[in-house]
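# Residue-level structural notes
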Amino acid sequence: PASHATRIALVTGAASGIGKAIATRLAAEGACVVIADLDLQKAQDAAAELGSTDVAIGVAANVTSPTEIQAAIDACVLQFGGLDLVVNNAGLSLSKPLLETTDADWDLQHNVMAKGSFMVSRAAARVLIDQQMGGDIIYISSKNSVFAGPNNIAYSATKADQAHQVRLLAVELGEHGIKVNGINPDGVVRGSGIFSGGWGAKRAAVYGVPEEELGAYYAKRTILGREVLPDHVANAVAVLTGADLTHTTGLHIPVDAGVAAA
Ligand code: NAD
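Residues numbered from 1 in each chain as written. Predicted model: local features only at pLDDT ≥ 70, side-chain atom pairs only at ≥ 80, totals over all residues.

The terminal C-alpha atoms of helix α1 (residues 17-28), which comprises 12 residues, lie 17 Å apart, in line with the 16 Å expected from a rise of 1.5 Å per residue. Where burial is concerned, most of α1 is hidden: 11 out of the 12 residues are buried. One or two positions beyond α1, positive phi appears at Gly30, with a value near 100 degrees. (Helix = DSSP H or I, 4+ residues; strand = E, 2+ residues; numbered from the N terminus. Expected span 1.5 Å × (residues − 1). Buried ≥ 20, exposed ≤ 12 C-beta atoms within 10 Å, placed from the backbone.)

Dropping the structure here:
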């Protein structure tokens with residue numbers, strides 16, 4: 001199929017953390033990037049770090065809003081001439097046990113991650129199908145989509161929803177040459193805004209370690225004994241959407257330094 005001279009990528013929640021690392025990596029590989037996040041200034045600041053507006057722009061897009069999602073997709077087309085790659089990364093973790101999880105908590109987690117990524121994928125698929133150039137949709141799901149852990153029912157359930165969206169969309173969009181794959185990170189503490197937003201303190205309390213030692217604690221629990229950083233997740237995006245992996249769809253890659261069973 002025909003292709004854009006330069007890949008054009010949309011990354012949601014890319015003003016910080018894993019999303020920012022993904023946007024940075026894609027730009028380093030020559031892609032034009034639209035950074036979508038809640039706060040326009042932060043999105044624009046993150047884009048400015050990648051270069052001029054010929055390379056990256058920041059837009060305000062809450063993924064719970066269909067109109068703001070459409071505006072972000074339109075920005076890809078208007079600014080860079082199309083769309084090739086979408087990363088559903090926007091998210092948050094309330095990290096609460098069952099009895100403390102309110103209906104509003106459940107709705108927020110699901111509206112942002114399950115419904116938000118569904119709406120982003122749907123809006124993106126319209127453009128990708130219309131262009132007839134294939135494309136990639138990536139979901140940043142979580143180890144929690146597969147493994148059950150304590151105190152995170154709403155978050156983990158919505159991550160499992162995202163994981164099944166990957167399989168369902170891989171089947172449905174395959175005939176258009178669109179690959180859909182997921183990444184299951186775990187334990188990204190340093191560089192993650194979720195961590196500084198309070199999630200880290202709660203997880204540290206659950207595991208009985210000081211908050212500043214949570215990254216090291218996670219690293220020790222992994223098979224490889226290594227700390228997972230945002231760049232490691234970005235590496236997986238680069239591989240899944242890169243020139244070498246043209247025949248892989250519906251896959252989830254763990255980026256967790258190895259999780260031991262049980
Ligand atoms: P982060 O807080 O640094 O990044 C999340 C970004 O999403 C923020 O910039 C935030 O403003 C944005 N966001 C939140 N709600 C949004 C909304 N409604 N619309 C648009 N943007 C919104 O945290 P992170 O660790 O980089 O998380 C990125 C993704 O990775 C999330 O989906 C998270 O669930 C997933 N993840 C993280 C880890 C980890 O260990 N940190 C593990 C597994 C999965």
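With that settled, the discussion passes to the site of the ligand. For the ligand, the set of nearby residues contains 29 residues, the closest of which are Gly13, Gly17, Gly91, Ser192 and Gly193. Of all the secondary structure elements, the ones that give two or more residues to the shell around the ligand are α1, α4 (103-131) and α6 (193-207). Partitioning the shell around the ligand into residue classes produces 11 nonpolar, 16 polar and 2 charged. (Near = placed C-beta within 6 Å. Nonpolar A, V, L, I, M, F, W, Y, C, P; charged D, E, K, R; others polar.)

Quick look at the pairing of strand β2 (residues 32-37) now. Within β2, 6 of the 6 residues are buried, leaving the element largely enclosed by the surrounding structure. Judged by which residues are buried, β2 turns out to be covered on both faces: Cys32, Val34 and Ala36 on one side and Val33, Ile35 and Asp37 on the other are all buried. For strand β1 (residues 8-12) and β2, the ladder comprises 5 bridges, and the chain directions are parallel. Counted as the bridge partner of Val11 is Ile35 from β2. Taking the sense of rotation as the criterion, the β-α-β connection linking β1, α1 and β2 turns out right-handed. Pairing between β2 and strand β3 (residues 56-60): 5 bridges, direction parallel. (Pairing = 2+ DSSP bridges. Right-handed = clockwise from strand over helix to strand, strands pointing away.)

Ranked by size, the top nonpolar core spans 69 residues in total, and within it Leu10, Ile22, Ala23, Val33, Ile35 and Val233 carry the most contacts. At 7 residues, the largest contribution of residues to this core is made by α4. (Core = buried A, V, L, I, M, F, W, Y, C linked by C-beta atoms within 7 Å.)

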